[in-house]
Amino acid sequence: MAYPMQLGFQDATSPIMEELLHFHDHTLMIVFLISSLVLYIISLMLTTKLTHTSTMNAQEVETIWTILPAIILILIALPSLRILYMMDEINNPSLTVKTMGHQWYWSYEYTDYEDLSFDSYMIPTSELKPGELRLLEVDNRVVLPMETTIRMLVSSEDVLHSWAVPSLGLKTDAIPGRLNQTTLMSSRPGLYYGQCSEICGSNHSFMPIVLELVPLKYFEKWSASML
Amino acid sequence: QCGRPRFDPWVGKILWRRKWHGRRSIPFKLLGILDVENIPCARDSVLYGSLGSVVAGLGHFLLTSRIRRSCDVGVGGFIVVTLGCWFHCRYNYAKLRIQERLAREGIKNKILYESTHLDPARKQTNGGSSSS
């Protein structure tokens, strides 16, 4: 989950998010070097007494500052495209869960085997128990098996919402009349928090998502208890 | 656990310092963006780059006695060496991650399927004995 004064990403829980973190590191290093170079050039410009007001041509430097950025962009684009296609790979999900956005809560349906559906409302601040997280806890968490590929079908009953879980690298728009699909695979058990990511009204900030990833046998016990 | 606000006279503003899960909440970032503490290979690349910058700049100055051009060579050396170390280290890191994943899956399969017909060790032994 997020922590106060956070600037970077949350720790990765899925292989895709790990890849995204590494791509971010790679791009950030390139940005850091370009920023260093620009700062150095600015300091040079500010500390020179030389001026040149009659430049007619500058073929060499123009060649360099065309070719070099092209190379840098290729170095960024290739890993980016690789991850883009990786995110769309077909990976045979074992379970399908539908999530519907409402104003202002999420509802979930597990209909692969039996008819299991429930709503997930945020727990108001006044009803939180000690140690629980403000604006993040819900009454019914989405319990899912870990290390299993899960298909999430996301849609909405009213206005636009967005189902997002940052530590899994997921963000899928919930559009009324449209079914969007994303796949989820967690490498480890735990609680993973997210929040609605598309403005949807007055309580847009108060419809969080909590995934509880557990070993398969606990998931089976939970689903049996919910029926 | 909340920390109390601390007034830092050097910065001139109130800084909140919080301990969150036993780690510092604000890691050190070069130019405010590059987290050299937590990004794999970042610290080594920047250190090697700095060393390369000093060597290149100093070497150029000793050869030519031109200060400004030596500084330019130093900065260029920093960028080239940092990038080179970065790509080399990240490539090896990626190979290591793949090996770790294969080892982890191999151990998991071994534990799950030991003494069953799916045991990877049993398949290899059967393959070896049938060929002899």
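All chains use their own residue numbering, which begins from 1 and follows the written sequence. Chain A is the first chain written and ligand 1 is the first ligand written, with later ones labelled in order. Reporting in this predicted model follows two pLDDT cut-offs: at least 70 for local features of residues, and 80 or more for side-chain atom pairs to be given and counted; totals over whole chains, interfaces and linings ignore these cut-offs and use all residues. Hydrogens and water are ignored here; the side-chain numbers use all heavy atoms of the structure.

With an unreviewed UniProt entry as reference, chain B is termed Cytochrome c oxidase assembly protein COX20, mitochondrial, source organism Bos taurus.

The name that an unreviewed UniProt entry assigns to chain A is Cytochrome c oxidase subunit 2, with the source organism given as Bos taurus. UniProt positions are given in the numbering used here, feature names are shortened, and annotations may be inferred rather than shown by experiment. Note on chain A: under the UniProt heading Subcellular location (unreviewed entry), the record states "Mitochondrion inner membrane".

## Here we look at the pattern of salt bridges
For this document, the term salt bridge refers to a Lys or Arg side-chain nitrogen within 4 Å of an Asp or Glu carboxyl oxygen. Summed over the entire model, instances satisfying the criterion amount to 11 salt bridges over all chains. Between Arg90(B) and Asp25(A) there is a salt bridge, with the nearest N and O atoms lying 3.6 Å from each other. Of this pair, Arg90(B) sits in helix α2 (residues 67-113) while Asp25(A) is found in helix α1 (residues 15-46), placing the two residues in two different chains. Residue Arg90(B) shares its accessibility class with Asp25(A), and that shared class is buried. One salt-bridge network, held together by shared partners, links Glu18(A), Glu19(A), Arg82(A) and Arg97(B). Labels follow the DSSP assignment, with helices taken as runs of H or I lasting at least four residues and strands as runs of E lasting at least two, numbered in each case from the N terminus. Accessibility here uses a 1.4 Å probe with only protein chains present; expressed as a share of the type maximum, an area under 20% marks a residue as buried, one over 50% as exposed, and anything in between as partly exposed.

## Some remarks on the nonpolar core
Residue and element names in this part refer to chain A. Side-chain atoms within 4.5 Å are what join buried Ala, Val, Leu, Ile, Met, Phe, Trp, Tyr and Cys residues into a set we call a nonpolar core. In this structure, Trp106, Tyr108, Tyr110, Leu144, Trp163, Leu184 and Leu211 are the most contacted members of the largest nonpolar core, which totals 30 residues. Looking at which element gives the most residues to this core, the answer is strand β10 (residues 208-214), with four residues. Contacts between residues were defined by any pair of non-hydrogen atoms, one from each residue, lying within 4.5 Å. Residues contacting Trp163, with those up to four places away along its chain left out, are Thr99, Trp106, Tyr108, Met152, Val154, Leu170, Lys171, Thr172, Leu184, Ile209 and Leu211.

## A word on the sheet that holds strand β4 (residues 142-145) of chain A
All names here are of chain A. The criterion for strand pairing is that DSSP finds at least two bridges linking the strands in question. Ordered by their spatial adjacency, three strands build an open sheet running β4-β10-β9, and the pairing between neighbours is mixed. Since the sheet does not close on itself, it has two edges, and those belong to β4 and β9 (190-195), each with one partner. On average, each strand axis in the sheet is inclined to that of its neighbour by 25°, with strand direction left out of account. Every axis in this analysis is a line fitted to C-alpha atoms, fitted for helices over the stretch in contact. Angles between the N-to-C directions lie between 0 and 180 degrees. Strand contacts of helix α3 (residues 216-226): β4 and β10, with the helix running at about 140° to β4, the strand carrying the most contacts.

## Some points on the packing of α1(A) against α2(B)
With their axes 11 Å apart at the nearest point, α1(A) and α2(B) run at an angle of 175° to one another. Relative to α2(B), the element α1(A) lies roughly antiparallel. Side-chain classes are defined by residue name, with Ala, Val, Leu, Ile, Met, Phe, Trp, Tyr, Cys and Pro counting as nonpolar, Asp, Glu, Lys and Arg as charged, and the others, Gly among them, as polar. Of the residues belonging to the contact of α1(A) with α2(B), the class tally is 14 nonpolar, four polar and seven charged. Orientation labels follow simple angle bins: below 35 degrees gives roughly parallel, above 145 gives roughly antiparallel, 65 to 115 gives roughly perpendicular, and whatever is left gives oblique.

## Brief notes about the domain arrangement of chain A
For the purposes of this description, domain bounds are those given by an automatic or database domain assignment. Domains assigned within chain A are domain 1 (15-88) and domain 2 (95-226). Between the C-alpha centres of domain 1 of chain A and domain 2 of chain A there is a distance of 39 Å.

## So, the interface of chain A and chain B
When the parts of a complex come together, some accessible area is lost, and that lost area is often taken as the interface size. The partner chain B presents 29 residues to the 27 residues of chain A that form the contact. Here the quantity called buried area is the total loss of accessible area, with a 1.4 Å probe, experienced by two parts when brought into contact, counted for both. Across the chain A to chain B interface the summed buried area is about 2500 Å²; carbon plus sulfur atoms make up 70%. Counting every contact that joins chain A to chain B gives four salt bridges. Here Glu18(A) and Arg97(B) are joined by a salt bridge, their closest N and O atoms 3.6 Å apart. Distance and chemistry together define a polar contact, namely a pair of N or O atoms within 3.5 Å, with one atom able to donate a hydrogen and the other to accept it when in protein, and with adjacent residues in sequence counting only for side-chain atoms on both sides. For the pair chain A and chain B, the interface holds seven residue pairs in polar contact (both at pLDDT 80 or more). Ranked by residues supplied to the side of chain A that touches chain B, first place goes to α1(A) with 16 residues.

## Looking at the sheet that holds strand β2 (residues 105-110) of chain A
All names here are of chain A. Read from one edge of the open sheet, five strands run β3-β2-β1-β5-β8, paired in mixed fashion. If you trace the sheet from one side to the other, it starts and ends with β3 (116-120) and β8 (180-184), each paired once. For this sheet, the mean angle separating the axes of adjacent strands, direction not counted, is 25°. Sheet strands in contact with α3 are β1 (95-102), β2 and β3, and its direction is about 90° off that of β3.

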